[in-house]
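# Architecture at a glance
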Amino acid sequence: SALRLTDHDRLSLLYSLSFSAANMDIYGGLLNAATICAYDIRRHGIAQLADWLDKERITVLHTVPTVFRQLTKALAPHRRFGGIRAVDLGGETMFASDVPLFHRHFSDDCLFVNHLAATEASVIAQYVVDRGQTHDGAAMLPVGRSPEGVTVHIRRPDGAEAAVDEV
């Protein structure tokens, strides 16, 4: 995984425990001895999330792009999260317009990751946004490629492996 979790990390857990994305935070955190910090968005809302991220010293923010957008658009223009080293988005389309929001509010050494996952297989693909790359004209960002150690095979109903670009 591009996130390279360690025992020094403090992960946000913004999902309901019944939602499969919570497994990434729970098991990813536990397997890497990281601290998992839960926040109830339904109860406390987006308005208090920024202060909570600072108070809990979150280092890895994992959420859906909609929450990321609401969080960053509600911030004062100068507000930056210096302690967050990675923002990992998944579950919805990530747009090129999300990149300037990230640049405005997160440090220059913070990772910005878009991922594609499935309940049955966890992370299938990751795309790390390169700070120097412009996404002009691109409406959506790619989900990337399989992380190191993960191989994805798509099979036809008969079990044979599908060809590249096969529908």
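Residues numbered from 1 in each chain as written. Predicted model: local features only at pLDDT ≥ 70, side-chain atom pairs only at ≥ 80, totals over all residues. Heavy atoms only, no water.

## Re the packing of aromatic side chains
Put simply, the rule reads: Any two of the Phe, Tyr and Trp rings considered here, Trp counted by its six-membered ring, make a pair once their centres fall within 6.5 Å; the pair's planes then place it as stacked at under 30 degrees, edge-to-face at over 60, or tilted in between. Runs of H or I in DSSP of at least four residues are treated as helices and runs of E of at least two as strands, each being numbered from the N terminus.
Scanning the entire structure with this criterion turns up six aromatic pairs. When the centroid spacing of 6.2 Å and the interplanar angle of 25° are considered together, the rings of phenylalanine 68 and phenylalanine 106 count as stacked. Highlighted residues: phenylalanine 68 in helix α4 (residues 65-73) and phenylalanine 106 in the loop between α5 (98-105) and β5 (111-118), separated in sequence by 38 residues. Site record: aromatic cluster; members linked through ring pairs are Phe68, Phe81, Phe102, Phe106 and Phe112.

## Some remarks on the pattern of salt bridges
The condition that has to hold: Any Lys or Arg side-chain nitrogen found within 4 Å of a carboxyl oxygen on Asp or Glu counts as a salt bridge. Throughout, exposure labels follow a simple rule: accessible area from a 1.4 Å probe, protein chains only, divided by the maximum for the residue type, with under 20% read as buried, over 50% as exposed, and the rest as partly exposed.
Under the criterion given, the structure shown has eight salt bridges. Note that aspartate 9 and arginine 85 form a salt bridge whose closest N and O atoms lie 2.8 Å from each other. In this pair, aspartate 9 sits in the segment before β1 (10-13) while arginine 85 sits in the loop between α4 and β4 (86-90), placing the two residues 76 residues apart along the sequence. When its relative accessible area of 3% is taken as the criterion, aspartate 9 is described as buried. Under the relative-accessibility criterion, arginine 85 is labelled partly exposed at 28%. A salt bridge links arginine 80 to aspartate 108, with the shortest nitrogen-to-oxygen separation between them at 4.0 Å. Residue arginine 80 is located in the loop between α4 and β4, and its partner aspartate 108 is located in the loop between α5 and β5; the two are separated by 28 residues in the primary sequence. Under the relative-accessibility criterion, arginine 80 is labelled partly exposed at 38%. Through salt bridges with shared partners, a single ionic network connects Arg10, Lys55 and Glu56.

Read these as layout, nothing more, since geometry by itself doesn't imply function.
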